[in-house]
Amino acid sequence: MATREEITSGLAEILEEVAGVNPDDVAEEKSFTDDLDVDSLSMVEVVVAAEEKFGVKIPDNEVQNLKTVGDAVSYIEANH
Amino acid sequence: MTTVDVVVTGLGATTPLGGDVASTWDAMVAGRSGVGSLTSEWAAQLPVRIAAELAVEPSEVLERVRLRRLDRSEALALIAAQQAWAEAGLEGAVDNERLAVSFGSGIGGATTLLNQDDILEQSGPRRVSPHTVPMLMPNGPAAYVGLEFGARAGVRAMASACATGAEALALGLDLIRLGRADVVIAGSTEAVIHPLPIAGFASMRAMSTRNDDPERASRPWDKNRDGFVLGEGAGAIILERADHAAARGARVIARFAGAGVTSDGYDIVQPDPECRGGIRAMRMAIQDAGLTGADIKHVNAHATSTPVGDMGEIKGIRTAIGDHPVITSTKSMTGHLLGAAGALESIATILAIRDSVVPPTINLDDPDDGLDLDVAALKPRQLDIPAAINNSFGFGGHNVAVVFTRP
């Protein structure tokens with residue numbers, strides 16, 4: 001089982017690869033769209049990469065609830 | 001109809017000869033070949049294993065994350081347009097609602113389509129990139145250029161195979177003359193050095209198979225020519241209403257004096273051996289420019305190095321213009337950039353006027369029998385050029401001629 005910190009740092013790697021987000025900017029309270037400037041198409045890439053990395057399924061109707069990095073960490077923690 | 005003068009105020013390019021206009025032009029005048037061997041594993045099984053690949057990879061110019069979302073053809077379009085925009089000094093100098101784009105590609109985002117199809121087959125639909133559609137859509141290069149500079153007077157996407165670049169310029173000229181825009185970012189891009197397009201052209205027997213001697217493979221009008229060499233790149237030209245350019249004190253590089261666009265109605269790929277459509281396009285462009293054939297001192301020919309195509313154009317030039325112009329085919333050095341050829345070769349035509357020099361047709365060691373015009377063979381030619389014409393013809397029977405003059 002990955003810790004919240006490990007999941008956050010895994011997401012930071014994905015965000016850097018897909019959207020060029022500086023890993024130092026990634027923290028649980030940050031909003032993907034408002035703080036990290038991840039657009040909707042890039043968010044799709046983040047979700048697919050996260051599914052692969054953490055062995056979870058993130059259905060499309062869940063993605064809209066993942067507003068912040070912390071939301072995504074909680075979902076992955078609960079479902080992987 | 002009152003004639004509106006249209007001028008060129010900026011040029012940009014990324015080509016097999018250089019990452020910008022200056023390096024490309026220096027290499028052209030020096031007669032350097034941009035053709036080399038294809039060393040990728042996928043090339044080993046192909047009948048054609050040579051191409052004119054870019055001198056400077058887009059990854060050296062654009063950020064990695066940005067490139068992930070762009071087809072290679074879109075990236076090249078952006079790079080060329082950024083250079084042209086900067087040279088023209090247009091930042092803050094044009095009303096966005098008077099700024100248009102006319103940019104095309106012969107084949108478009110084919111490499112994205114093929115690469116994403118590989119992903120679909122191997123990993124399933126969820127792995128297909130959400131950027132696939134904007135990367136492969138034919139209007140992608142025009143749309144990205146428009147987005148980059150905030151063009152709001154229309155973003156037009158031209159597609160007429162190997163005549164695309166010249167026809168995008170002709171449309172840009174129309175847009176300004178019709179009062180639809182004050183400035184048009186015009187040009188074209190192509191990036192399809194991939195096994196499928198190469199196999200397709202090779203199956204048509206249209207490409208050179210001189211695999212062991214790449215720099216000598218593109219040899220327009222030479223007796224031993226055996227087909228074209230595929231090249232990649234992009235060219236962008238800033239077209240501007242002359243009084244708009246004058247009002248902001250812009251440096252004018254040339255005048256875009258006229259254009260002619262015709263179609264053969266003859267065959268989907270074979271050129272009319274009598275070049276009738278080409279003759280009409282050249283005559284139309286010269287008349288549009290208010291000139292006569294005698295005024296045209298230089299022709300940058302379409303001549304691609306195919307056995308069938310090259311000689312018809314010679315007849316056409318003699319009929320439409322006469323036997324006095326000094327002609328050249330810069331494809332002998334750049335290979336054939338397909339849709340991007342018309343933009344790059346218009347840039348070469350403009351710079352020939354500016355610098356009073358015709359770049360050479362390299363590899364023309366043994367001229368074909370019907371070559372009875374004055375070609376700048378093997379060496380550049382110093383020449384006073386008040387007016388010159390660039391021809392571009394494309395599969396589908398498209399014929400486009402564009403005339404540039406000294407400002």
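Calculation criteria
Residues numbered from 1 in each chain as written. Chains lettered and ligands numbered in written order. Predicted model: local features only at pLDDT ≥ 70, side-chain atom pairs only at ≥ 80, totals over all residues. Heavy atoms only, no water. Helix = DSSP H or I, 4+ residues; strand = E, 2+ residues; numbered from the N terminus. Rg over C-alpha atoms; globule rule 2.2 N^0.38 Å. Domains from an automatic or database assignment. Contact = heavy atoms within 4.5 Å. Buried area = accessible area lost by both parts, 1.4 Å probe. Salt bridge = Lys/Arg side-chain N within 4 Å of Asp/Glu carboxyl O. Polar contact = N/O pair within 3.5 Å; in protein donor to acceptor, adjacent residues only side chain to side chain. Buried < 20%, exposed > 50% of the residue type's maximum accessible area, 1.4 Å probe, protein only. Pairing = 2+ DSSP bridges. Axes fitted to C-alpha atoms, helices over the stretch in contact; angles between N-to-C directions. Parallel < 35°, antiparallel > 145°, perpendicular 65-115°, else oblique. Left-handed = near helix turned anticlockwise from the far one by under 90°. Nonpolar A, V, L, I, M, F, W, Y, C, P; charged D, E, K, R; others polar. UniProt positions renumbered as here; feature names shortened; annotations may be inferred.

(A) Structural detail: the overall build of chain A. Of the regular secondary structure elements, chain A holds four helices and zero strands. The order of helices and strands in chain A, counted from the N terminus, is α-α-α-α. For chain A, the C-alpha radius of gyration of 11 Å lies close to 12 Å, the compact-globule estimate for 80 residues. Structurally, chain A occupies a C-alpha span of about 25 × 25 × 20 Å along its principal axes.

(B) Representation of the domain arrangement of chain B within the structure. Residues and elements named next belong to chain B. By domain assignment, chain B separates into domain 1 (7–247) and domain 2 (262–405). Computed over C-alpha atoms, the centres of domain 1 and domain 2 are 20 Å apart. Tallying the contact residues gives 63 residues for domain 1 and 60 residues for domain 2. When residues of domain 1 are sorted by the area they lose upon contact with domain 2, Trp-25, Cys-162 and Trp-221 head the list and together hold 21% of the total. At the junction of domain 1 with domain 2, the criterion picks out six salt bridges. Asp-365 is the salt-bridge partner of Arg-216, the closest N and O atoms lying 2.5 Å from each other. The tally of links from domain 1 across to domain 2 stands at 26 residue pairs in polar contact (both at pLDDT 80 or more).

(C) View of the pairing of strand E4 (residues 99–105) of chain B. Residue and element names in this part refer to chain B. With seven of seven residues buried, E4 is to be regarded as a mostly interior element. Where burial is concerned, the two faces of E4 agree: the one with Leu-99, Val-101, Phe-103 and Ser-105 and the one with Ala-100, Ser-102 and Gly-104 are both buried. Pairing of E4 with strand E6 (residues 183–190) involves seven bridges; the strand directions are parallel. In the strand pairing of E6, Phe-103 is matched with Gly-187. Judged from the four bridges that link them, E4 and strand E5 (residues 155–158) form a sheet pairing that is parallel. What sits directly across from Ser-102, in E5, is Arg-156.

(D) Molecular detail of the sheet that holds E6 of chain B. All names here are of chain B. With mixed pairing, eleven strands are arranged side by side in an open sheet as E5-E4-E6-E7-E1-E8-E15-E14-E9-E10-E12. For this open sheet the edge positions go to E5 and strand E12 (374–375), each flanked by a neighbour on one side alone. Where helix H10 (residues 276–288) meets the sheet, its contacts fall on strand E8 (254–263), strand E14 (387–394) and strand E15 (398–405), and the angle it forms with E8 comes to roughly 145°. Across the sheet, helix H11 (residues 309–320) touches strand E9 (298–300), strand E10 (326–328) and E14, and the angle it forms with E14 is around 140°.

(E) Focus on the packing of helix H1 (residues 4–19) of chain A against helix H4 (residues 69–79) of chain A. Residue and element names in this part refer to chain A. Axis separation between H1 and H4 bottoms out at 10 Å; the angle between their running directions is 120°. When the interaxial angle is binned, H1 and H4 end up oblique. Two packed elements cross with a definite hand, and for H1 against H4 that hand is right-handed. Along the contact surface, H1 presents Arg-4, Ile-7, Thr-8 and Leu-11, while H4 presents Val-69, Gly-70, Ala-72, Val-73, Ser-74, Ile-76 and Glu-77. Taken together, the residues that form the contact of H1 with H4 break down as six nonpolar, three polar and two charged.

(F) Inspection of the UniProt feature "domain: Carrier" (unreviewed entry) in chain A at higher detail. As annotated by UniProt and renumbered to match this structure, "domain: Carrier" (unreviewed entry) occupies residues 5–80 of chain A. In residues 5–80 of chain A, the share of helix is 59% and the share of strand is 0%. The end C-alpha atoms are 15 Å apart.

(G) Main features of the environment of Ala-388 of chain B. Residues and elements named next belong to chain B. By the secondary structure assignment, Ala-388 is in strand E14. The exposure class of Ala-388 is buried, given its relative accessible area of 0%. In sequence terms Ala-388 and Gly-249 are 139 residues apart; their C-alpha atoms lie 25 Å from each other. Leaving out residues up to four positions away in the same chain, Ala-388 has contacts with Ile-296, His-298, Thr-349, Ile-353, Val-402, Val-403 and Phe-404.

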